[in-house]
Amino acid sequence: MPTSELTQNNFYNHDTITSEAVQFRVAEICQSSCDLSAYNRRDFYKITLWLGGSSQLNYANRAIVINKPVLVFTNPLVPYAWDCDHAHSTGYFCLFTDEFLQTGNRTESLEESTLFKPGGDPVYFLDETQVQYLQSIFQRMLQEFDSEYTYRYELLRNHLNLIIHEAIKMQPAIAYFTPQNAASRIANLFLGLLEKQFPVESPRYMLALKKAGDYADKLSVHVNHLNAAVREITGRSTTAHINDRILNEAKSLLTHTDWSVADIARSLGFDYASYFNNFFKKHTGLTPMALRKTL
């Protein structure tokens, strides 16, 4: 709920605190007590303060070697892989939703921020002064997160904004290189990004990525580059993969839910039920309702 809709007296009521508790998490890297299984969701952004250990951060068609302290920003819809020796890694990270910061009157969507958007500047190498400052912020967040202070989430939001503003003042890393297996990585990241949108669990959900160009934007590659990589590695077109996955999800929803055809169409990214009907019949020979009647 936007802040403007809340009064000062009820801003920190129980429901608000409960909501914020599932919108933010902070922990040390490899902290044994940190179980993030409940946070494996589409809408979590992540900031990592990497202090020790050698690693390589890989995106679709670019990679960067991490060999000194670094601050890294990651978007839940921009696939990446961090190759490292976790046993010798040190640092901190926090997970949070866009809504968590929006509650603090932030008007810019995180996805549009240069720190998080596809093709933006997510990596910032740090000097000793910056390390000390940022480490102190993460340590304060850990303390506040475990405290019983009524307004701790407001404090955590302020600390988070300090980290974001500190990064905006920095110069981003530029030492990216193109890995030799770029086509394979692009294809695999596309398939992972495609699968990440499923299963559809609510008729209120709508697919964010519907066509090849949407995936290319998220991977920060040209759509022709994406299509060529996917066809080279899988032997099939990007559109064929997307259509097959949407079709399989449509069959599952028709079979296992009582959602209306219009609700299913909307959740799968079709503006009109008639478009969904035509798509479904083209690929199966049946209309959605005809398939449902055979069950």
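For the structure itself, consult the block above.
K.L.:
Give a detailed account of the overall build of the protein, specifying residues and quantitative values.
P.N.:
In terms of helices and strands, the protein carries eleven helices and eight strands. Of all 295 residues assigned to the protein, the portion counted as buried reaches 46%. A separation of at least 24 residues holds for 72% of the contacts in the protein among residues at least 6 apart in sequence. Per element, the accessible surface of the protein, about 15100 Å² overall, is 49% carbon and sulfur.

K.L.:
Please provide a residue-by-residue account of helix α8 (residues 238–256), values included.
P.N.:
One turn of the α-helix equals 3.6 residues, which is why residues spaced by three or four share an orientation. Between its first and last C-alpha atoms α8 spans 27 Å; for 19 residues at 1.5 Å apiece the expected length is 27 Å, and the two agree. Every buried residue of α8 is accounted for by Thr238, His241, Ile242, Arg245, Ile246, Leu247, Glu249, Ala250, Leu253 and Leu254. In the core, the buried residues of α8 are packed alongside α5 (182–196), α6 (212–219), α7 (223–234), α9 (261–267), α10 (273–284) and α11 (288–293).

K.L.:
Which residues make up the nonpolar core, and what are the values?
P.N.:
Counting 35 residues, the largest nonpolar core has Phe190, Tyr215, Leu219, Leu226, Ile246, Leu268 and Phe276 as the members making the most contacts within it. Broken down by secondary-structure element, the contributors of at least two residues to this core are α5, α6, α7, α8, α9 and α10. Apart from residues lying up to four places away in sequence, Leu219 is in contact with Ala60, Asn61, Pro79, Ile186, Leu189, Phe190, Leu193 and Leu226. Residues Val26, Phe100, Leu110 and Leu126 belong to the second largest nonpolar core, which totals 31 residues.

K.L.:
Tell me what's going on with unusual backbone geometry, and back it up with residues and numbers.
P.N.:
Trans peptide bonds make up the majority, and among non-glycine residues the majority have a negative phi. Residue Phe198 is joined to Pro199 through a cis peptide bond whose omega torsion reads 0°. With phi around 60°, Ser220 is a residue other than glycine that occupies positive phi space. Since its relative accessible area comes to 33%, Ser220 is described here as partly exposed.

K.L.:
I'd like to hear about the sheet that holds strand β4 (residues 63–66), residue by residue, with values.
P.N.:
Strand order in the open sheet formed by three strands is β4-β3-β6, with antiparallel pairing between adjacent strands. Among the strands making up the open sheet, the edge pair consists of β4 and β6 (81–84). Between one strand axis and the next, the sheet turns by 20° as a mean value, whatever way the strands run. Inspection of the sheet shows strand β3 (residues 55–58) paired to β6 by four bridges, in the antiparallel sense. Bridge pairing links Leu57 to Trp82 in β6.

K.L.:
Outline the sheet that holds strand β2 (residues 44–52), supporting the account with residue identities and numerical values.
P.N.:
Pairing in this open sheet of five strands is antiparallel, and the strands run β1-β7-β2-β5-β8 from one edge to the other. Across the chains shown, the open sheet's two edge strands, defined by having one partner strand only, are β1 (24–28) and β8 (123–125). If you compare each strand with its neighbour and ignore which way they point, the axes differ by 10° on average. With five bridges connecting them, β1 and strand β7 (residues 90–97) associate as antiparallel partners. Among the inter-strand pairings, Arg25 is bridged to a residue of β7, identified as Leu95.

K.L.:
Can you explain the pattern of salt bridges? Please cite residues and give values.
P.N.:
Evaluated as defined, the whole model comprises eight salt bridges. Here Glu195 makes a salt bridge to Arg245, at a shortest N to O gap of 2.9 Å. With Glu195 in helix α5 and Arg245 in helix α8, this pair connects stretches of sequence that are 50 residues apart. Of the charged contacts in the structure, one is a salt bridge between Asp263 and Arg266, with a shortest N-O distance of 2.9 Å. Residue Asp263 and its partner Arg266 are located together in helix α9, separated by three residues, close to a single helical turn.

Parameters and conventions
Residues numbered from 1 in each chain as written. Predicted model: local features only at pLDDT ≥ 70, side-chain atom pairs only at ≥ 80, totals over all residues. Heavy atoms only, no water. Helix = DSSP H or I, 4+ residues; strand = E, 2+ residues; numbered from the N terminus. Buried < 20%, exposed > 50% of the residue type's maximum accessible area, 1.4 Å probe, protein only. Contact = heavy atoms within 4.5 Å. Areas by Shrake-Rupley, 256 points an atom, 1.4 Å probe, with all protein chains shown as cover. Expected span 1.5 Å × (residues − 1). Core = buried A, V, L, I, M, F, W, Y, C linked by side-chain atoms within 4.5 Å. Pairing = 2+ DSSP bridges. Axes fitted to C-alpha atoms, helices over the stretch in contact; angles between N-to-C directions. Salt bridge = Lys/Arg side-chain N within 4 Å of Asp/Glu carboxyl O.

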